[in-house]
Amino acid sequence: MPKTSTESANPTITTSPSASIAPKDTATIFNPAKPNIAQDSQADVSQTDTKQPYHHKANHNQNRSVAQSSDVTIANATATMPVSAAPKIGFVSLGCPKALVDSERIITELSRDGYQVASDYEGADLVVVNTCGFIESAVQESLDAIGEAISKNGKVIVTGCLGKEADKIRAMHPAVLAVTGAHAYDEVITAVAQHVPKPNRSKDANYDPKIDLINEAGIKLTPSHYAYLKISEGCNHRCTFCIIPSLRGDLDSRPIDNVMNEALALKNAGVKELLIISQDTSAYGLDLKYRTSFWNGMPLKSKFYDLCKALNDLGIWVRLHYVYPYPHVDKVVELMGEKKLLPYLDIPFQHASHRILKAMKRPAHSENTLARIKAWREICPDIVIRSTFVVGFPGETEEDFQCLLDWLVEARLDRVGAFTYSEVEGAVANDLPDHVPEDVKKSRYERLMTLQQDISAQKLQEKIGKTLMVLVDEIDSEEGIAICRSYADAPEIDGHVYVDDITAQVKVGQFLTVTIDDASEYDLFGSYKG
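Residues numbered from 1 in each chain as written. Predicted model: local features only at pLDDT ≥ 70, side-chain atom pairs only at ≥ 80, totals over all residues. Heavy atoms only, no water.

**Student:** How do you make sense of the side chain of Arg362 when you look at a structure like this?
**Tutor:** With respect to the helices, strands and loops of the structure, Arg362 is situated in the loop between α10 (354-360) and α11 (369-379). Look at Arg362 and you get buried, because its relative accessible area is 6%. Reaching out from Arg362, the side chain makes a polar contact with the backbone oxygen of Pro348 at a distance of 2.7 Å. Sequence-distant contacts of Arg362, defined by excluding residues within four places in its chain, comprise Cys239, Phe241, Tyr324, Pro348, Phe349, Gln350 and Leu357. (Helix = DSSP H or I, 4+ residues; strand = E, 2+ residues; numbered from the N terminus. Buried < 20%, exposed > 50% of the residue type's maximum accessible area, 1.4 Å probe, protein only. Polar contact = N/O pair within 3.5 Å; in protein donor to acceptor, adjacent residues only side chain to side chain. Contact = heavy atoms within 4.5 Å.)

**Student:** Mind showing me how you'd approach the environment of Arg238 here?
**Tutor:** Along the chain, the position of Arg238 falls in the loop between β9 (232-233) and α6 (244-248). Considering only alpha carbons, one finds Arg238 and Asp250, 12 residues apart in sequence, at a separation of 9.8 Å. Ignoring any residue separated from it by four or fewer positions in sequence, one finds Arg238 in contact with Pro245, Asp250 and Lys361. Polar side-chain contacts of Arg238 include one of 3.3 Å to the backbone oxygen of Asn236. Here Asp250 takes part through its side chain, which lies 2.5 Å from a polar atom of the side chain of Arg238.

**Student:** Quick question: what am I supposed to make of the layout of surface pockets here?
**Tutor:** Estimates place the volume of the largest pocket at around 590 Å³. Taken together, 23 residues line the largest pocket, and the ones lying closest to its centre are Val101, Arg105, Arg254, Asn258 and Glu262. Those elements that provide at least two residues to the lining of the largest pocket are α2 (97-112), β9, β10 (252-253) and α7 (256-268). (1 Å grid on protein atoms, 1.4 Å probe; cavity = no way out; pocket = protein on both sides within 12 Å on 5 of 7 lines; lining within 4 Å. Points joined across faces, edges and corners; volume = space filled by probe spheres on them.)

**Student:** Honestly, the pairing of strand β15 (residues 341-346) in this entry has me stumped. Any pointers?
**Tutor:** If a strand is regular, its side chains alternate between the two faces of the sheet. Where burial is concerned, most of β15 is hidden: 6 out of the 6 residues are buried. With 2 bridges connecting them, strand β14 (residues 317-320) and β15 associate as parallel partners. Note that in β15 the partner of Leu320 across the bridge is Leu345. Across 3 bridges, the pairing between β15 and strand β16 (residues 384-391) is parallel. By the bridge assignment, Leu345 is partnered in β16 with Ile385. (Pairing = 2+ DSSP bridges.)

**Student:** I keep staring at α7 and nothing clicks. Help me out?
**Tutor:** An α-helical turn contains 3.6 residues, so any two residues separated by three or four positions project in the same direction. An ideal rise of 1.5 Å per residue puts 18 Å on 13 residues; α7 measures up with 18 Å between its terminal C-alpha atoms. Those residues of α7 that fall on the buried side of the exposure criterion are Ile256, Val259, Met260, Glu262, Ala263, Ala265 and Leu266. Count one or two residues on from α7 and you reach Gly270, which has phi positive near 105°. (Expected span 1.5 Å × (residues − 1).)

**Student:** What is the right way to look at the sheet that holds strand β4 (residues 116-117) in this model?
**Tutor:** Neighbouring strands of a sheet are bound in pairs by backbone hydrogen bonds; such pairs are parallel or else antiparallel. The strand order β4-β3-β5-β6-β7 describes an open sheet built from 5 strands, whose pairing is parallel. A strand with exactly one partner marks an edge of an open sheet, and here the two such strands are β4 and β7 (178-179). Sheet topology note: the strand β5 (residues 126-131)/strand β6 (residues 156-160) ladder contains 5 bridges and is parallel. Bridged to Val127 within β6 is Val156. The strands touched by α2 within the sheet are β3 (88-93), β4, β5 and β6, with β3 carrying the most contacts at an inclination of about 175°. (Axes fitted to C-alpha atoms, helices over the stretch in contact; angles between N-to-C directions.)

**Student:** Before we go on, may I ask you to explain the confidence of the model for the chain in this structure?
**Tutor:** It should be kept in mind that the predicted coordinates are not to be read in detail where pLDDT is low. This prediction gives the chain a mean pLDDT of 82; 80% of its residues lie at or above 70. Note on residues 68-83: pLDDT is under 50 here. Beyond four places in sequence and across chains, it has 46 contacts. In this model residues 208-213 is a low-confidence stretch, pLDDT under 50, and it forms 13 contacts with partners more than four residues away in sequence or in other chains. (pLDDT = per-residue confidence, 0-100.)

Structure, rendered in structure tokens:
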């Protein structure tokens, strides 16, 4: 077994989640332009050999192709959709998990209306392209995907972040039928029905979309054992390198009863791990003034801690992403000791120099983050912290960069991604003085990743001889290997635990208790005694 990470930068995604597969090989939608874009910040390369970096993401790039989407629609519905003359809609989804959740919701609603999901361009009556518009390479990828859909199908509706720039889209692709912005679910459904009318039951006696068609959890584009749960939309921060508020608006939290109903439905559908996502998870409920709702007969505040406690009580793995290092996170770390709310925090620190953080206008830029990390480890010694960092931000000096390196040595984070700064159209940082030359950016990136590779290797060596509970993501039956993740590993962005000599009884989505025998820079290798 090779002792290197098997994650790839731009996976070809063609497999149905109903199969026994790795998380990178899941999709329900057909193949658009080649994905290589991240969301939330810039392209983020993490936990990698600097000689052959692969593409990790600050906010998980979740580009999905349209292959075999009809298989997944059937697999995730509570009743088999009838084979009939129902119109078929193709779907191309680009960007981060938040966009992926938007795609899931649109596909679910279309399926409830009786549409089927096409497995290729030629078999689709219309194609929806859910775009990413965060950085210029994402914009170009989205425009290319729109062009490909038009050339191969002809009837295209555009939605997502790039939809805010409808004029740009129409100037390049005047044939598009409609353009909507991000999370504009109803507008997309209406536009689809306008150009491809809903199926008519009177013409198909076997069809009834209103009776038990889709379960409460909806259709998911992830494997059946994990799912993303989006708790809010938008962001109140105005980071100088970011245009998310202009694309997705200010913070807009879902009421806690709404979130918990979906979480429970996912658990009941067999999901073993919930990945909590938003632009700023720790700000959850602020816009609602922490309004109280009733769920399961109990009053709950729409507040970060209260939500975490309720999710913890579900008894399945819950993983928190995009949390900012505020003091109120300390109470949530206490919950992590109960082993259900996973002791894992994804915190986009972005830098360590207070001067650069101030120029970025990062929230909590004046916080003593090293002290906070130390306090979290005292509360929960097993906590794993993942983060991403920008190198080469305008005005970054060698002294600022050395501050970041020194910070990393002291912080000893478990998972780190890095990316070189690049301009984003509309971002304030474009107008800052003293932009860093590209060769300097590249050199700093390589220095940072070399340092972090050593830290990661040291930390994983400390796991040898210990036992861990892992979740099986994929079975390599030819090699007799289970490809798994521990509490320390988020799907698609972190490492794996490779388990040898498994039996035929081991299945995808199963928890195993394994002994760690060896480690590489980013992955662990274990044995399972059954």
